[in-house]
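Read off the chains here:
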Amino acid sequence: MAVDKYLSTTAVAIQNDRQRPGNTVQSLAESGFDAWVKYWRATEQSFNLESDYYSKGANVSLLLDLEIRHRSGTRTRSMM
């Protein structure tokens, strides 16, 4: 995948995640927990009341990875 296409696709995914109303109601951690205890099933109000742990988890993981790379100067483990 070309860099521009990847960045565009990632930007759309992050924007969609930011616009999901359920993210203001439920944290990523709560969403992940509920997936285990409630055997997560979509309802008519899922979009408005719940965070999507798949898409939000992917976005948070990407941001964490980028932050680690930034702070470490992208050093690999063997170089640290």
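Before any of the text, the structure's been laid out above.
Trainee: Looking at this structure, how should I read a nonpolar patch on the surface?
Mentor: Together, Val-3, Tyr-6 and Leu-7 make up a nonpolar patch on the protein surface, roughly 310 Å² of accessible area in all. Tracing the sequence through the fold places Val-3 in helix H1 (residues 3-19). On the accessibility criterion, Val-3 (60% relative accessible area) is exposed.

Trainee: Any chance you could explain the packing of H1 against helix H4 (residues 53-72) here in plain terms?
Mentor: Two numbers describe how H1 lies on H4: the axes approach to 10 Å, and their chain directions differ by 125°. Compared by their axis directions, H1 and H4 come out oblique. Judged by the sense of rotation from one axis to the other, the crossing of H1 with H4 is left-handed. Contacts from Tyr-6, Thr-10, Ala-13, Ile-14 and Asp-17 in H1 reach Ser-55, Lys-56, Asn-59 and Leu-62 in H4.

Trainee: Can you help me understand the pattern of salt bridges in this one?
Mentor: All told, the structure shown has 2 salt bridges when counted by the stated rule. We note a salt bridge from Asp-65 to Arg-69, for which the minimum N-O separation is 2.6 Å. Of this pair, Asp-65 and Arg-69 both sit in helix H4, 4 residues apart, roughly one helical turn. Note on Asp-65: relative accessible area 31%, which makes it partly exposed.

Trainee: I'm lost on H4 in this one. Help?
Mentor: Each α-helix turn comprises 3.6 residues. Residues three or four places apart therefore point the same way. Helix length check: H4 (20 residues) gives 27 Å between terminal C-alpha atoms against 28 Å at 1.5 Å per residue, within 8%. Taken together, the buried positions of H4 are Lys-56, Gly-57, Asn-59 and Ser-72. Buried residues in H4 make contact with H1 and helix H2 (28-37). You can read the cap of H4 off the contacts: a side-chain oxygen lies 3.0 Å from the backbone nitrogen of Tyr-54, and it is on Asp-52.

About the cut-offs
- Residues numbered from 1 in each chain as written.
- Predicted model: local features only at pLDDT ≥ 70, side-chain atom pairs only at ≥ 80, totals over all residues.
- Heavy atoms only, no water.
- Patch = residues over 30% accessible without salt bridge, like charges linked within 9 Å, V, L, I, M, F, W, Y side chains within 5 Å.
- Areas by Shrake-Rupley, 256 points an atom, 1.4 Å probe, with all protein chains shown as cover.
- Salt bridge = Lys/Arg side-chain N within 4 Å of Asp/Glu carboxyl O.
- Helix = DSSP H or I, 4+ residues; strand = E, 2+ residues; numbered from the N terminus.
- Buried < 20%, exposed > 50% of the residue type's maximum accessible area, 1.4 Å probe, protein only.
- Axes fitted to C-alpha atoms, helices over the stretch in contact; angles between N-to-C directions.
- Parallel < 35°, antiparallel > 145°, perpendicular 65-115°, else oblique.
- Left-handed = near helix turned anticlockwise from the far one by under 90°.
- Contact = heavy atoms within 4.5 Å.
- Expected span 1.5 Å × (residues − 1).
- Polar contact = N/O pair within 3.5 Å; in protein donor to acceptor, adjacent residues only side chain to side chain.

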